[in-house]
Amino acid sequence: MIIYSCTKDNNEKGEIDMLNDEICKLRDKLNKSIEQGDDYSNTYKISVELDELIAKYYRISQSDGKNSYGYNDIEVLKFV
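Residues numbered from 1 in each chain as written. Predicted model: local features only at pLDDT ≥ 70, side-chain atom pairs only at ≥ 80, totals over all residues. Heavy atoms only, no water.

Draft legend 1. Expanded view of the overall build of the chain. Of regular secondary structure, the chain possesses two helices and two strands. Element order for the chain, N to C, with α for helix and β for strand: β-α-α-β. Across the 80 residues that make up the chain, the buried fraction comes to 32%. A fraction of 65% describes how many contacts in the chain between residues 6 or more apart in sequence connect residues 24 or more apart. Accessible surface computed for the chain: about 5600 Å², of which carbon and sulfur atoms make up 50%. (Helix = DSSP H or I, 4+ residues; strand = E, 2+ residues; numbered from the N terminus. Buried < 20%, exposed > 50% of the residue type's maximum accessible area, 1.4 Å probe, protein only. Contact = heavy atoms within 4.5 Å. Areas by Shrake-Rupley, 256 points an atom, 1.4 Å probe, with all protein chains shown as cover.)

Following this line, the structure appears as structure tokens:
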């Protein structure tokens, strides 16, 4: 089971901010799905969507040669 956690610092709104907001919302949705014991296929679908957003976040953040845009790193917390 994987739980995602993310935080952000205050900075100017932009594409990276919107992505981070989407990641946080989807992370919460995934965590609820796991906690409630939803059907595996639904939890998996949310997880794949979240992975795609995180990959997009890192592609954008690295395309400008910057590491974080004022964000704390997105943490992946694993629970067994």
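Draft legend 2. Molecular detail of the packing of aromatic side chains. Per the counting criterion, the structure on display carries two aromatic pairs. Where Y40 meets Y44, the ring centres are 6.0 Å apart and the plane angle is 25°; that geometry is what we call stacked. Taken as a pair, Y40 and Y44 lie in helix 2 (residues 40-63) at a separation of four residues, close to a single helical turn. Summarising the aromatic geometry, the rings of Y57 and Y58 are spaced 5.1 Å apart at their centres and angled 90° between planes, so their arrangement reads as edge-to-face. (Phe/Tyr/Trp six-rings, centres within 6.5 Å; stacked < 30°, edge-to-face > 60°.)

Draft legend 3. Broad picture of the packing of helix 1 (residues 15-35) against helix 2. The interhelical angle for the contact between helix 1 and helix 2, taken along N-to-C directions, is 160°, at an axis separation of 9 Å. Between helix 1 and helix 2, the angle falls in the class roughly antiparallel. As for how helix 1 packs across helix 2, the hand of that crossing is left-handed. Residue-level inspection shows E15, I16, L19, N20, E22, I23, L26, R27, K29, L30, S33 and I34 of helix 1 in contact with helix 2, the latter providing N42, T43, I46, S47, E49, L50, L53, I54, K56, Y57, I60 and S61. Residues of the contact of helix 1 with helix 2, tallied by class, amount to 12 nonpolar, six polar and six charged. (Axes fitted to C-alpha atoms, helices over the stretch in contact; angles between N-to-C directions. Parallel < 35°, antiparallel > 145°, perpendicular 65-115°, else oblique. Left-handed = near helix turned anticlockwise from the far one by under 90°. Nonpolar A, V, L, I, M, F, W, Y, C, P; charged D, E, K, R; others polar.)

Draft legend 4. Just the nonpolar core, in detail. Core analysis: the biggest nonpolar cluster contains 12 residues, these being I16, L19, I23, L26, L30, I34, I46, L50, L53, I54, Y57 and I60. Filtering out sequence-adjacent residues up to four positions away, L26 remains in contact with I46, E49, L50 and L53. (Core = buried A, V, L, I, M, F, W, Y, C linked by side-chain atoms within 4.5 Å.)

Draft legend 5. Fine view of the side chain of T43. With respect to the helices and strands, T43 occurs in helix 2. Those residues within four positions of T43 in sequence are excluded, and the remaining contacts are L30, S33, I34 and D38.

Draft legend 6. Up close: the environment of I16. Note that I16 resides in helix 1. We classify I16 as buried; its relative accessible area is 8%. In this structure the C-alpha to C-alpha distance between I16 and Y58, which are 42 residues apart in sequence, comes to 9.3 Å.

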